[in-house]
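Chain residues, written in single-letter form:
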Amino acid sequence: MTNLLGGRPVLGAMLAGMLLLAGCRGEKKQEAKDAPSQMAKDAPSQMEEVIAVHDEVMPEMKTIANLVAELKPLADSTGQDSQYAVAMQDLQAAHQSMMDWMQGFGNRFDHEEIMKGKALSEEKQAWLAEEQEKVEAMRNQVLGSIERAREVLEEARKGADRE
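Residues numbered from 1 in each chain as written. Predicted model: local features only at pLDDT ≥ 70, side-chain atom pairs only at ≥ 80, totals over all residues. Heavy atoms only, no water.

## Regarding the overall build of the protein chain
- Within the protein chain, the secondary structure is distributed over seven helices and zero strands.
- Ordered by position from the N terminus, the helices and strands of the protein chain form the series α-α-α-α-α-α-α.
- Counted over contacts in the protein chain with a minimum sequence separation of 6, partners at least 24 positions apart contribute 68%. (Helix = DSSP H or I, 4+ residues; strand = E, 2+ residues; numbered from the N terminus. Contact = heavy atoms within 4.5 Å.)

Next up, the structure:
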């Protein structure tokens, strides 16, 4: 979802809207003045976008735990180099990635910045851009490890059905 504005699709939409509104005449002038501020209120901030990715991925920690529990007996019986063990290790690494991201994020930003929209310094704004990249990478790792584990387990089930 990135664009030429450095991964801020909302900013691009806001700029386009502001340019469109600037061309309005007559009684629309007051609406044009109010609309950009309303758009800013309605559009999610970068912090909200980062938190939304976290909130999307967090419930998957239970999925990871369930898949690890399902893979463990298979991994134990087939060895640490088996596809089951590798899938389980990928899940565990994804879980650790989430924990590490949360800790790092929490160390960089305080509650007011995260939950209340407190203004960020330039340095923290740069950190937030880094954190957005990190949280998206973490999401891809979590969702990818879950998908691969499910595929491995599905293959195991198909193999068991043939026996």
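## Focus on the packing of aromatic side chains
- What the rule picks out here adds up to two aromatic pairs.
- Ring geometry for Trp101 against Phe105: centres 4.7 Å apart, planes inclined by 20°, an arrangement best described as stacked. One end of the pair, Trp101, and the other, Phe105, are both in helix H5 (residues 83-108), four residues apart, so they sit about a helical turn from each other. Of the two residues, Trp101 and Phe105, both sit in the buried class. (Phe/Tyr/Trp six-rings, centres within 6.5 Å; stacked < 30°, edge-to-face > 60°. Buried < 20%, exposed > 50% of the residue type's maximum accessible area, 1.4 Å probe, protein only.)

## Describing the packing of helix H3 (residues 46-57) against H5
- Direction vectors running N to C along H3 and H5 enclose 150°, while the axes themselves pass 12 Å from each other. Taken together, the axis directions place H3 and H5 in an arrangement best described as roughly antiparallel. Every pair of crossing elements has a handedness; the one defined by H3 and H5 is left-handed. Only Met98, Trp101, Met102 and Phe105 of H5 make contact with H3, whose side of the interface consists of Met47, Val50, Ile51, His54 and Val57. (Axes fitted to C-alpha atoms, helices over the stretch in contact; angles between N-to-C directions. Parallel < 35°, antiparallel > 145°, perpendicular 65-115°, else oblique. Left-handed = near helix turned anticlockwise from the far one by under 90°.)

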